Structure formats: structure tokens, C-alpha cells
Amino acid sequence: ACGMACDESLTRAWTKALAGDPVSAFGGIIAANRTIDRATAEEINGIFFEVIIAPGFDAASLQILKQKKNRIILKINKFPSPAFSCRTALNGWLWQEKDSLSIVNDELVCVTSRKPDERESIDLEFANRLVMHTKSNAIVIVRDRQLIGSGAGQTSRVDAVKQALEKAQTFGFDTKGAVMASDAYFPFPDSITLAAAAGVSAVIQPGGSVRDKESVEECDRNNIAMIFTGRRHFKH
């Protein structure tokens, strides 16, 4: 996702999601988990996009969204989610268990001196769900349930952190007090150093590196809370 946000108001959620990366949003696909209403449709219709997906559309929103002849409007139907995924790989097939993010709170371990506060905890959960769908090496930066920066498909994790922070700053976001999620462990503490310099206050990651202790110590030096999930994502 180039933008994602959660809000009580669907229109505000759309505005915040678009703000995450309005450049990449051009010509893209829009998805919502609530019925699209007229006010939201009017806002969405202000940009060019190819596809919109939602569980429903009221009559007024459909009238607005159908103004573009080649636009694809899809209604989400309930269907069983497959437990496995399959793809081609080196003249064969890769059959693997689907990443379902089946992490429960009991599996989350705070490994730093400071624990995340309530706002940070909400944002950390949001960020961890989002990084699952971001191509590895992946980093996402979140503030108030809004994606403000992402680094995707980078050759190193520190490059992913640099890209995520640069995106956030490019679109005018203040990263002070934001949280960071990583789809795999940090092999070195350099990523934490960069995040700390940008004001990131909490981090969620799988853990499991032989140098975890160094990353934890870097967090403690900068008063950053860090959560280990014990589970990697690695979307390739």
C-alpha cells in the first residue's frame, strides 16, 4: 500500500490515506472496509484511479463513481481465505503456508526498559499489520493509525528505513512520536539509530538476530520502546 489510514470517519480515513503518498496514489487501486458514502465518493472522485473495492456503495456514491466510463467498481463478497499460497519457482512450485498474522498479545514481548504507551501500542499493532503486506525488505512508519512512510523491496533493511523516513519527510510528516514496524529482525542497530534521530518513539519487529542485544541497548539509550513478535513476514 502507498497509503493507509483508519478513522471513525471514512472521509477522513481516505484523506489521511491519500496524504501518505499522493504521488503514488495516482492511477491506483482504492480499497475500503466500509460502505462508500456520498461524501467519501466525492473526495475520491477528485483523483484518477483505476479500481475501487468496498463491501458496499450507497446509491449516491455509485452515481458519482460511475462518471468515469472505464473505472472498475467491485463489491467485496465473503469468501474463505486459503490457508496456503502457491507460486512458480525455478521450474517448480513453491507451496507455503499463508501469512495470516496470527499473533496474539501473549506472544508480544517488550524487550526495552520503557514500555509503549496506549497510543503507541495501537499504532504498533496497526503498523505490524501493514508491514505484513509490504514487500521485503520492508519498513513502515505510522502515526495515529496513518501510514506516513514506507520502505519496500530494498536490498538492505537500513535502506528500507532510510526510504521510509525520507518518504515521510518528503510529504511533510513529523516523525517525532511515530512508530516503526519491520517485517524481519534488525541485523545491526544502525536502523534504530536512524529511527531515533528522526524521533521515532516505538518499534515492533520479530527479533531473532544474534545482535538483538545491540538493537535493544540502542533503543534504551534513546528511550525507545521495542516489542518483539517472534514472527517474521518476508513478503517476496
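The preceding data block contains the structure.
Residues numbered from 1 in each chain as written. Predicted model: local features only at pLDDT ≥ 70, side-chain atom pairs only at ≥ 80, totals over all residues. Heavy atoms only, no water.

Another point: the overall build of the protein chain. Broken down by element type, the protein chain carries seven helices and 11 strands. Since a compact globule built from 236 residues should have a radius of gyration of about 18 Å, the 19 Å found for the protein chain is in line with a globular shape. Overall, the protein chain is about 55 × 45 × 30 Å in size when its C-alpha atoms are taken along their principal axes. Per-residue burial over the protein chain gives 43% buried out of 236 residues. For the protein chain, the exposed surface amounts to about 13100 Å²; the carbon and sulfur share of it is 53%. Separation of charge centres in the protein chain, based on 29 positive and 28 negative side chains, amounts to 6 Å. (Helix = DSSP H or I, 4+ residues; strand = E, 2+ residues; numbered from the N terminus. Rg over C-alpha atoms; globule rule 2.2 N^0.38 Å. Buried < 20%, exposed > 50% of the residue type's maximum accessible area, 1.4 Å probe, protein only. Areas by Shrake-Rupley, 256 points an atom, 1.4 Å probe, with all protein chains shown as cover. Lys, Arg positive; Asp, Glu negative; His and termini not counted. Charge placed at Lys NZ, Arg CZ, Asp CG, Glu CD.)

Attention now goes to the pairing of strand β10 (residues 202-205). By the alternation rule, side chains of β10 split into Ala202 and Ile204 and Val203 and Gln205, which are all buried. Strand direction decides the pairing type here: strand β9 (residues 179-182) and β10, joined by three bridges, are parallel. Each bridged residue has a counterpart across the sheet, and for Ala181 the counterpart in β10 is Ile204. Pairing between β10 and strand β11 (residues 225-228): four bridges, direction parallel. (Pairing = 2+ DSSP bridges.)

Where strand β4 (residues 84-89) and strand β5 (residues 92-97) come together, six bridges link them in antiparallel fashion. Each residue of the ladder has a partner; that of Ser85, found in β5, is Gln96. Counted between consecutive antiparallel strands, the loop separating β4 from β5 contains two residues, among which Leu90 sits at a positive phi close to 50°.

We now examine the packing of helix α5 (residues 157-170) against helix α6 (residues 190-197). Here α5 crosses α6 at 15°, and the two axes come no closer than 9 Å. For the element pair α5 / α6, the angle class is roughly parallel. The interaxial crossing formed by α5 with α6 has right-handed handedness. In contact with Arg157, Val158, Val161, Lys162 and Leu165 of α5, α6 contributes Asp190, Ser191, Leu194 and Ala195. Classifying every residue of the contact of α5 with α6 gives five nonpolar, one polar and three charged. (Axes fitted to C-alpha atoms, helices over the stretch in contact; angles between N-to-C directions. Parallel < 35°, antiparallel > 145°, perpendicular 65-115°, else oblique. Left-handed = near helix turned anticlockwise from the far one by under 90°. Contact = heavy atoms within 4.5 Å. Nonpolar A, V, L, I, M, F, W, Y, C, P; charged D, E, K, R; others polar.)

This next bit is on the sheet that holds strand β6 (residues 109-110). The six strands are arranged β6-β11-β10-β9-β7-β8 in an open sheet whose pairing can be described as mixed. Looking at strand neighbours, the two that pair on one side only are β6 and β8 (147-151), the edges of this open sheet. Bridge count for strand β7 (residues 139-142) against β8 is four bridges, and the pairing is antiparallel. Among the inter-strand pairings, Ile139 is bridged to a residue of β8, identified as Gly151. Lying on the sheet, α5 is in contact with β7, β8 and β9; it crosses β8 at an angle near 145°.

Take the environment of Ala225 next. As for its placement among the helices and strands, Ala225 is situated in strand β11. Relative accessible area serves as the criterion here: at 1%, Ala225 is assigned to the buried category. It is 49 Å that separates the C-alpha atoms of Ala225 and Lys69, two residues lying 156 residues apart in sequence. If near-sequence neighbours (up to four positions away) are discounted, Ala225 is found in contact with Thr112, Arg114, Lys115, Pro116, Ser201, Ala202 and Val203.

The full count for this structure, using the stated rule, is 11 salt bridges. Across the pair Arg12 and Asp7 runs a salt bridge whose closest N-O atoms are separated by 2.9 Å. Residue Arg129 is joined to Glu125 by a salt bridge in which the shortest nitrogen-to-oxygen separation is 3.8 Å. With a gap of four residues between them, Arg129 and Glu125 both fall in helix α4 (residues 118-131), about one helical turn apart. When salt bridges that share partners are traced, they join Asp7, Arg12 and Lys16 into one network. (Salt bridge = Lys/Arg side-chain N within 4 Å of Asp/Glu carboxyl O.)

These figures come from the coordinates and say nothing about function on their own.
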